[in-house]
Amino acid sequence: MKFVRFQTYSKIRYGILEGEDVFEISDNFLRDNFKKLNSRFDLADIKLLSPVEPSKIIGIGLNYAEHIEELKFKKPETPVMFLKPSTTVISHLDYIVYPKRISKRVDYEGELAVVIGKRAKNVKIDEAGNFIFGYTIINDVTARDLQSSDSQWTRAKGFDTFAPIGPLIETDLEPTNLNIKTLLNGEIKQNSNTSNMIFNVYELVSFISQTMTLLPGDVIATGTPKGVGAIDIGDEIEIEIENIGKLKNSVR
Ligand code: MG
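Below: a short report on this structure. Keep in mind the model is a prediction, meaning the values are calculated, not measured.

## Focus: the environment of R252
Consideration 1: Note that R252 resides in the segment after β20 (245-251).
Consideration 2: R252 sits in the exposed class, given a relative accessible area of 53%.
Consideration 3: C-alpha of R252 to C-alpha of E53: the two residues are 199 residues apart in sequence and 23 Å apart in space.
Consideration 4: R252 has contacts with Y95, I96, V97, Y98 and I233, leaving out every residue within four places of it along the chain.

The following block contains the structure:
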C-alpha cells in the first residue's frame, strides 16, 4: 500500500494513494487503529508533506562500494552511522536552502529510506523486517566541503532543509533489488540498484538497534550510490526509486 501525509488548506491529513486518488484515513498510518474515511482527494489538488516526522534520521555512510571509491574512503568493517536532526526534514517539492555563507560545495545524495514501524531495540537480522513499516526516498543533502574539513559530519549533514523525504511510503516492497536514479536538471547522475549495498536494510536495522532504540517514524538513510555531485541555486534534483516514485526538490 502507498501511504501519504498531506495538507489541504491548513489541515494536515493522512491517506492511502491509489492511482491519482487519495483516500483519507482517520489517523496517522503509523498507529494501527486508523480507519478509511469517506473523503477522497485528487493527488493534483493536495500538497504532499514528508510522509513521516522522524524523531531522528540515522544516516549510513559509505554503503555502496563504488561511492567509497569516488570519495577515496576505505571500505568500513561495520556500518558508518551519523545522525541528521529532525529539523533537516522537508517535503516533496519544497526548497533546499543553500547555506552560501558557510559552504561552497553542497551535494545531492539519492538514497532509499527505511521507515520504522515498531519500537526496535536489539533486533536480530532475520526479525528486522517486522520492525519496518515501509520505504520512501531521501535526499541526504551534504555540505561536502564541511564533511572534509570537520572530523564529525553533523554540520555537513545537519543544515535545515538538508533532508527532503517523500513523496510517499510504500509498504509492500522487497528492498534489496530496486533501481535507484538521481537526475540533476533532467540529466542522470546516479544510476544503481539497492542490491549493490554493502550492508542491506535488515542488517542496518539490526545493527543500529544494538546502539539506539528505533522509534515508529524514525528514518534510516541507507547510503548513496556513486555519482554524487554539486548542486547550485536554481537546480532541480529528482530521485527515482523503482516501485516507490519520484522525490523532486529545487535549490534556493
Ligand atoms: Mg548519504
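## Structural notes on the coordination of the magnesium ion
For a metal bound by four donors in tetrahedral geometry, the ideal donor-metal-donor angle is 109.5 degrees, whereas six donors in octahedral geometry ideally sit at 90 or 180 degrees.
Consideration 1: Surrounding the magnesium ion are the protein donor atoms E109 (OE), E111 (OE) and D140 (OD), which sit 2.0 to 2.1 Å from the metal.
Consideration 2: Mapping the donors of the magnesium ion onto the primary sequence gives the spacing E-x1-E-x28-D. The same class applies to E109 and to E111, which are both buried.

## Digging into the sheet that holds strand β18 (residues 229-231)
Consideration 1: If you walk across this open sheet you meet the three strands as β13-β10-β18, and the pairing is antiparallel. Two strands bound the open sheet, and with one partner strand each, they are β13 (142-143) and β18.

## Digging into the sheet that holds strand β16 (residues 187-193)
Consideration 1: Across the sheet, five strands lie side by side as β9-β20-β19-β15-β16; this open sheet has mixed pairing. Each of the sheet's edge strands pairs with one partner strand only, and the pair in question is β9 (95-96) and β16.
Consideration 2: Pairing between β9 and β20: two bridges, direction parallel. Bridged to Y95 within β20 is S250.

So, how was this worked out
Residues numbered from 1 in each chain as written. Predicted model: local features only at pLDDT ≥ 70, side-chain atom pairs only at ≥ 80, totals over all residues. Heavy atoms only, no water. Helix = DSSP H or I, 4+ residues; strand = E, 2+ residues; numbered from the N terminus. Buried < 20%, exposed > 50% of the residue type's maximum accessible area, 1.4 Å probe, protein only. Contact = heavy atoms within 4.5 Å. Donors = N, O, S within 2.8 Å, 3.2 Å for Na, K, Ca; no water. Pairing = 2+ DSSP bridges.

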